[in-house]
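Okay, here's what each chain looks like letter by letter:
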Amino acid sequence: MQPEPYDDLAHALSAVGLTGQRSRADQLIVCAQQGPVWQNRGNSFWLSQNEGVWYLSTWLPACYRIPANQDIVGLCSACLTVGTSAMYRVPPDIVARFQLQEIDDRQYERLFPTEGEGD
């Protein structure tokens, strides 16, 4: 059986003082707050994985593909040092540093379908 990537990442985040909390089967909300995660209580965003590729999404939403050679915990730490409220876009310097690739809404919906949720 393969290890659960979301659980492994949540443990790695916890080791550096960050919180990773599952919201849906394919979504790990990342923040620096302890306890329940709320998007209006500090900077936060979420990570999702599809076919071994990680994606970072903001509350706008804006979605970024994370190249396989990047340090995801380092990326999360860098993002959480920016501002005190929910991030709408990843700052350009962090996008460049971690070589993030922004994807459009259609690509995101194909990867992580939301149609029919909440019905």
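See above for the structure.
Residues numbered from 1 in each chain as written. Predicted model: local features only at pLDDT ≥ 70, side-chain atom pairs only at ≥ 80, totals over all residues. Heavy atoms only, no water.

A look at the pairing of strand 2 (residues 27-31)
Then step 1. Strand 2 sits mainly inside the fold: five of its five residues count as buried.
Then step 2. Here strand 2 shows no split at all, with Gln27, Ile29 and Cys31 on one side and Leu28 and Val30 on the other all buried.
Then step 3. Examined bridge by bridge, strand 1 (residues 19-24) and strand 2 share five bridges and lie antiparallel to one another. If you follow Gln21 over to strand 2, its bridge partner there is Ile29.
Then step 4. Linking two consecutive strands that pair antiparallel, namely strand 1 and strand 2, is a turn of two residues.
Then step 5. Strand direction decides the pairing type here: strand 2 and strand 3 (residues 44-50), joined by four bridges, are antiparallel. In the strand pairing of strand 3, Ile29 is matched with Trp46. (Buried < 20%, exposed > 50% of the residue type's maximum accessible area, 1.4 Å probe, protein only. Helix = DSSP H or I, 4+ residues; strand = E, 2+ residues; numbered from the N terminus. Pairing = 2+ DSSP bridges.)

Let's talk about the side chain of Ser48
Then step 1. Looking at the secondary structure, you find Ser48 in strand 3.
Then step 2. Of the residues examined, Ser48 reaches a relative accessible area of 0% and is grouped as buried.
Then step 3. A distance of 2.6 Å separates the side chain of Ser48 from the backbone oxygen of Asp26, its partner in a polar contact.
Then step 4. Ser48 has contacts with Tyr6, Asp26, Gln27, Val53, Trp54, Tyr55, Tyr108 and Phe112, leaving out every residue within four places of it along the chain. (Polar contact = N/O pair within 3.5 Å; in protein donor to acceptor, adjacent residues only side chain to side chain. Contact = heavy atoms within 4.5 Å.)

Points about helix 1 (residues 5-15)
An α-helix turns once every 3.6 residues. As a result, residues three or four positions apart point the same way.
Then step 1. Those residues of helix 1 lying buried are Tyr6, Leu9, Ala10 and Leu13. Each buried residue of helix 1 sits inside an arc of 105 degrees when the element is viewed along its axis, so together they form one side. In helix 1, the exposed positions angled more than 90 degrees off the buried face are occupied by His11 and Ala15.
Then step 2. Sitting at the amino-terminal end of helix 1 is Glu4, which places a side-chain oxygen 3.1 Å from the backbone nitrogen of Tyr6.
Then step 3. Just beyond helix 1, the residue with positive phi is Gly17, at close to 85 degrees. (Arc of directions from axis to C-beta.)

Section: the nonpolar core
A general trend in soluble globular proteins is that nonpolar side chains are found buried together.
Then step 1. Counting 26 residues, the largest nonpolar core has Phe45, Leu47 and Leu56 as its most contacted members.
Then step 2. With seven residues, the single largest contributor to this core is helix 2 (residues 72-80).
Then step 3. Once you skip the residues sitting within four places of it in the chain, Phe45 turns out to touch Leu28, Ile29, Val30, Leu56, Ser57, Thr58, Trp59, Cys76, Cys79, Leu80 and Met87.
Then step 4. Judged by nonpolar contacts, the second largest core, of seven residues, contains Ile29, Cys63, Ile103 and Tyr108. (Core = buried A, V, L, I, M, F, W, Y, C linked by side-chain atoms within 4.5 Å.)

Some points on the packing of helix 1 against helix 2
Then step 1. Contact geometry of helix 1 with helix 2 gives a least axis separation of 10 Å together with a crossing angle of 55 degrees. Considering the angle they form, helix 1 stands oblique to helix 2. Considering only the axes of helix 1 and helix 2, their crossing is right-handed. Contacts from Leu9, Ala12 and Leu13 of helix 1 reach helix 2 at Ile72, Val73 and Cys76.
Then step 2. Class assignment of the residues belonging to the contact of helix 1 with helix 2 gives a composition of six nonpolar, no polar and no charged. (Axes fitted to C-alpha atoms, helices over the stretch in contact; angles between N-to-C directions. Parallel < 35°, antiparallel > 145°, perpendicular 65-115°, else oblique. Left-handed = near helix turned anticlockwise from the far one by under 90°. Nonpolar A, V, L, I, M, F, W, Y, C, P; charged D, E, K, R; others polar.)

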